[in-house]
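Take a look at the letters that make up each chain.
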Amino acid sequence: MTLPSEASNDSERHMKIVVEETHKGTLTFRSHCPPSFIEGLQMESGLGHFAHYSSIIPNVEAFETIARNKAGRVTLALIDPNLIVGYGVCWYPDKEDRWSALGDLMYEMAAVEVSRNFRGLHVGRRIMDLTMDDDFFEDKITYMVGLSWHWDLEGKGLTAAQYRRMMMDLYSLYGFREVYTNEPNITLKPENVMMTRTGSRVSEEDQKRFRYLRFGIKQPK
Amino acid sequence: MMKDYPKTIVAKDGTLVRLRPVVKADEEALRKFFAQIPEEEQWFLRENMTDQEFLRKWLNKMDYDQVFPIVAVKEDDGAILASITLYRSASPAIRHVVHLRIMVHPEYRSLRLGSWLILDSVKLSMDLGVEKVIAEFVAGVEDAAGAAAAKLDFQQEGILREYVKDRQGKYRDLIIMVRNLHKDWSDF
């Protein structure tokens, strides 16, 4: 594995690159992929639509859209010549989303997904390593929401409970902890999970606002 | 699983509450908590949790592998507002099952503390590899707790008619409710 290196192009100055040899070939991991880089890439066949599961990101164009949005981030795992075998995407919450009430304080780790053909190679871990290696997160409450109906249980051969624990173990490596909320989608099934990571520069007051907002209270006592 | 605690919730009235496993230092707070449970309800507890000596022994021999008590603690003064205990047998024949027992302080009922504790127990049960969570409720006494369990997909699987006697000697039914975890997980 090579060490991360800053890309020289100014517009891509935050991009970090890691190259890793695996028994499936050479994988290249790139964070902060701009739209211009994404254009022309293709999804590997293990990402897509299956009988009981569909990828959260349906096509390459969706990555371009995310990368164009304010603070939208795309981290890709690639194999030559131009195949996406895994990805991580994050963004500010949608305006309709409960968490948008706290403005730019909240930031969503929206999805990390690895092709069915490239699992077991720690691809998800590398994507998280690159994505989270950024001082940006120290001013944010970063959150992830795991909804069991998005999980590839069949492909992983896991029960929802095992999948949930696998996700929690992965995210906990980056300082995420499970939190409770009454947000309706999350409460629909007990295996659903919300995890958060509170940046080191997030004030006590903001933490309090978030704590109450988790339970639908916009004005804490 | 201990590393997942504490977990903070905000009750319906805005009270900040922390969910966490019971520790030995909780002896006095637990005794106070159970002392405030109406005698009519204490009657149905299988252990006398207001007996200081019993409580001390119970805490000292506690084995989280078989008895996992969780309390809901008020964040500002540390008072215990509710408790739930997961009982799991060491026997491999029924190791896939846990039994829940729940109790909420009378002044803090209707704040959904019981619901949060049941949900937390279900999540904990998943992590423990449990397949079946069983809760028993005394008809006419613990109906609110039974209703909370029903909202969390516990199904009534049986009634033991006139199984318990209350303080006045009146027979009451015991309602057995079950949350099958494994079945739900394979729905996808």
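All residue numbers here refer to positions counted from 1 along the written sequence of the relevant chain. All chains are assigned letters beginning at A, and all ligands numbers beginning at 1, according to the order in which they are written. Only residues with pLDDT of at least 70 are given local features in this predicted model, and only at 80 or more are side-chain atom pairs given and counted; all residues enter the totals for whole chains, interfaces and linings.

(A) A look at the overall build of chain B. A tally of regular secondary structure across chain B gives 6 helices and 8 strands. Here a strand is any run of E in DSSP of at least two residues, a helix any run of H or I of at least four, and the numbering for each starts at the N terminus. For chain B, the sequential pattern of α-helices and β-strands runs β-β-α-α-α-β-β-β-α-β-α-β-β-α. Whereas a compact globule of 188 residues would reach a radius of gyration of roughly 16 Å, chain B reaches 16 Å, a difference of no more than 12%. In terms of its C-alpha atoms, chain B occupies a principal-axis envelope of roughly 45 × 45 × 35 Å. Relative to its full complement of 188 residues, chain B shows a buried share of 32%. Contact definition: two residues whose C-beta atoms, as placed from backbone geometry, lie within 7 Å. Across chain B, every contact between residues at least 6 apart in sequence was considered, and the portion connecting residues at least 24 apart equals 60%. Each radius of gyration is computed over the set of C-alpha atoms, and the globule rule expresses the reference value as 2.2 Å times the number of residues to the power 0.38. Field definition: a residue is buried when 20 or more other C-beta atoms are found within 10 Å of its C-beta, exposed when 12 or fewer are, and partly exposed for counts in between, with C-beta atoms placed from the backbone.

(B) Seen up close, the overall build of chain A. A tally of regular secondary structure across chain A gives 7 helices and 12 strands. For 221 residues, the compact-globule estimate of 2.2 N^0.38 gives 17 Å, and chain A sits close to it at 17 Å. If you line up chain A on its principal axes, its C-alpha atoms span 55 × 45 × 30 Å.

(C) Summary view of the environment of A:Ile38. Residue and element names in this part refer to chain A. Mapped onto the fold, Ile 38 is located in helix 1 (residues 35–38). Overall, the presence of 22 C-beta atoms within 10 Å leaves Ile 38 in the buried class. The spacing of Ile 38 and Val 60 is 22 residues in sequence and 7.2 Å in space, taken between C-alpha atoms. In contact with Ile 38, other than residues within four places in its own chain, are Cys 33, Val 60, Phe 63, Glu 64, Ala 67 and Val 74.

(D) Representation of the packing of helix 4 (residues 113–128) of chain B against helix 5 (residues 143–151) of chain B in the model. Residues and elements named next belong to chain B. Orientation of helix 4 relative to helix 5, taken along the N-to-C sense of each, is 50 degrees, at an axis distance of 9 Å. When the axes of helix 4 and helix 5 are compared, the pair comes out oblique. Along this stretch, helix 4 crosses helix 5, giving a crossing that reads as right-handed. For the pair helix 4 and helix 5, contact is made by Gly 114, Ser 115 and Ile 118 and by Ala 145, Ala 148, Ala 149 and Lys 151, respectively. Tallied by class, residues from the contact of helix 4 with helix 5 come to 4 nonpolar, 2 polar and 1 charged. Here an angle of 0 to 180 degrees is reported between the N-to-C directions of two axes, which are lines fitted to C-alpha atoms, with helices fitted over the stretch in contact. Every angle not falling under 35 degrees, over 145, or within 65 to 115 is termed oblique; those three ranges are roughly parallel, roughly antiparallel and roughly perpendicular. It is the rotation of the near helix from the far one that decides the hand of a crossing: anticlockwise by less than a right angle makes it left-handed, clockwise makes it right-handed. Classification convention: Asp, Glu, Lys, Arg as charged; Ala, Val, Leu, Ile, Met, Phe, Trp, Tyr, Cys, Pro as nonpolar; all other residues, Gly among them, as polar.

(E) Molecular detail of the confidence of the model for chain A. Residue and element names in this part refer to chain A. Per-residue confidence from the predictor is reported as pLDDT, which spans 0 to 100. Taken as a whole, chain A shows an average pLDDT of 91; of its residues, 94% reach a score of 70 or greater. When pLDDT is averaged over each element of chain A, strand 12 (residues 193–198) comes out on top at 98 and strand 1 (residues 5–6) at the bottom at 41. Segment residues 1–11 is flagged for pLDDT under 50; beyond a separation of four residues in sequence, or across chains, it makes 17 contacts in the model.

(F) Quick peek at the environment of B:Met62. Residue and element names in this part refer to chain B. As for its position among the elements, Met 62 is in the loop between helix 3 (52–60) and strand 3 (67–74). Take Met 62: there are 17 C-beta atoms within 10 Å of it, and that puts it in the partly exposed class. Spatially, the C-alpha atom of Met 62 lies 9.5 Å from that of Val 22, the residues being 40 residues apart in sequence.

(G) Molecular detail of the interface of chain A and chain B. Contacts between chain A and chain B engage 19 residues on the former and 15 residues on the latter. Partitioned by chemical class, the residues of the side of chain A that touches chain B number 10 nonpolar, 3 polar and 6 charged.

(H) Spotlight on the packing of helix 1 (residues 27–35) of chain B against helix 3 of chain B. Residue and element names in this part refer to chain B. Interaxial distance between helix 1 and helix 3 falls to 10 Å at its minimum, and their mutual angle equals 130 degrees. Considering their axes alone, helix 1 and helix 3 lie oblique with respect to each other. Between helix 1 and helix 3 the crossing geometry is right-handed. Two secondary-structure elements touch here, helix 1 through Glu 27, Leu 30 and Arg 31 and helix 3 through Gln 52, Leu 55, Arg 56 and Leu 59. Broken down by class, the residue content of the contact of helix 1 with helix 3 amounts to 3 nonpolar, 1 polar and 3 charged.

(I) Representation of the pairing of strand 8 (residues 171–180) of chain B in the model. All names here are of chain B. Pairing between two strands requires that DSSP report at least two bridges joining them. Two strands pair when backbone bridges link them, and strand 6 (residues 132–138) and strand 8 are joined in this way by 7 bridges, in the antiparallel orientation. Bridging across to strand 8, Val 138 finds its partner in Leu 174. Between strand 7 (residues 155–165) and strand 8, which follow one another and run antiparallel, lie 5 residues, and Gly 169 among them has a positive phi close to 85 degrees.

(J) Structural detail: unusual backbone geometry. Residue A:Asp80 is joined to A:Pro81 through a cis peptide bond whose omega torsion reads 0 degrees. With respect to the helices and strands, the residue A:Pro81 is situated in the loop between strand 7 (73–79) and strand 8 (83–91). Look at the link from B:Tyr5 to B:Pro6: it is a cis peptide, with omega at 0 degrees. Along the chain, B:Pro6 turns up in the segment before strand 1 (7–10). Phi is positive for A:Ala71, which is not a glycine, with a value near 55 degrees. For A:Ala71, the position within the fold is in the loop between helix 2 (60–68) and strand 7. Judged by the 11 C-beta atoms lying within 10 Å of it, A:Ala71 falls in the exposed class. The backbone phi angle of B:Ser110 is positive, close to 70 degrees, even though this residue is not glycine.

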